[in-house]
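# Remarks on the overall topology
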Amino acid sequence: MKRKNPLRRILLGTAATVAGVVALLALKQPAGGGQNVAGPPAGQAPPVAATAPQGAGGGQTLTGDVVDTQYGPVQVSVTMSGGKVTAAQAVKTPNSGPRSEQIAKDSIPQLNQQAVSAAKVDTVSGATYTSEGYSKSLQSALDKAGTQ
């Protein structure tokens, strides 16, 4: 019985992997400066921030400055009541491609939660630019309220 050459299998597997990587890198990135995650369709009310605690009533809603990051703009909106942040929501998130969208999708909920529960927003691992942009926009919203 004839034995198959293992070196041939290795070379074919490597060539197929390289071809797949080249094809993925050749895909065009979608154009766009940022994903507007808070823009409701015309005629609909804006979405409620997912991080708002139960019973968090009205309050003052402030929107921070748009902060441009390497992967797109970040903008944060906060609701304040009694001098405390009761809700936080990213209005714009980076959208330079599928990877940056996934990073924003994973990191923004953590950042929103930190903005409500802590005095300091920590950097989310793997989302450094998004976290830094989020922090700067959050700080500008807090500055508008006269709170630091």
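What you are looking at is a predicted structure, and each value in this text was computed from that prediction instead of being measured.

The number of helices and strands found in the chain is three helices and five strands. Ordered by position in the sequence, the α and β elements of the chain form the string α-β-β-β-β-β-α-α. Here the chain, with 148 residues, has 32% of them falling under the buried criterion. In the chain, of all internal contacts separated by at least 6 residues, the share reaching a separation of at least 24 is 51%. Approximately 9800 Å² of the chain is accessible, and the part contributed by carbon and sulfur atoms is 55%.

By the criterion of burial, strand β5 (residues 84-93) is predominantly enclosed, with eight of the ten residues buried. With antiparallel pairing between neighbouring strands as the criterion, strand β4 (residues 72-81) and β5 make up a hairpin whose turn holds two residues, including G82 at a positive phi of roughly 65°.

What follows concerns the nonpolar core. Buried together is how nonpolar side chains tend to be arranged in soluble globular proteins. Of all hydrophobic cores here, the largest spans 19 residues; its most connected members are V78, M80, I108, Y134 and L138. Those elements that provide at least two residues to this core are β4, β5, α2 (98-117) and α3 (128-144). By residue number, the principal contributor to this core is α2, which donates five residues. In contact with I108, other than residues within four places in its own chain, are A90, T93, T130 and Y134.

It is worth spelling out helix α1 (residues 6-26) at this point. In this model α1 runs 30 Å from its N-terminal to its C-terminal C-alpha over 21 residues, within 8% of the 30 Å that 1.5 Å per residue would give. Among the 21 residues that make up α1, zero are buried, leaving the element largely open to the surroundings.

The predicted coordinates of low-pLDDT regions are not to be read in fine detail. Per-residue pLDDT for the chain averages 74, and the proportion of residues at 70 or more is 73%. Within the chain, no element has a lower average pLDDT than strand β1 (residues 35-36), which sits at 44, and none a higher one than strand β3 (residues 67-69), at 88. In the predicted structure, residues 31-56 sits below a pLDDT of 50 and forms 37 contacts with residues beyond four places in sequence or in another chain.

Examined against the element boundaries, V74 turns out to sit in strand β4. When the C-alpha atoms of V74 and A90 are compared, they prove to be 7.2 Å apart, with 16 residues separating the residues in sequence. Among all residues touching V74, those that are not within four sequence positions of it are D65, V66, V67, T69, K92, P94, T130, G133, Y134 and S137.

Calculation rules
Residues numbered from 1 in each chain as written. Predicted model: local features only at pLDDT ≥ 70, side-chain atom pairs only at ≥ 80, totals over all residues. Heavy atoms only, no water. Helix = DSSP H or I, 4+ residues; strand = E, 2+ residues; numbered from the N terminus. Buried < 20%, exposed > 50% of the residue type's maximum accessible area, 1.4 Å probe, protein only. Contact = heavy atoms within 4.5 Å. Areas by Shrake-Rupley, 256 points an atom, 1.4 Å probe, with all protein chains shown as cover. Pairing = 2+ DSSP bridges. Core = buried A, V, L, I, M, F, W, Y, C linked by side-chain atoms within 4.5 Å. Expected span 1.5 Å × (residues − 1). pLDDT = per-residue confidence, 0-100.

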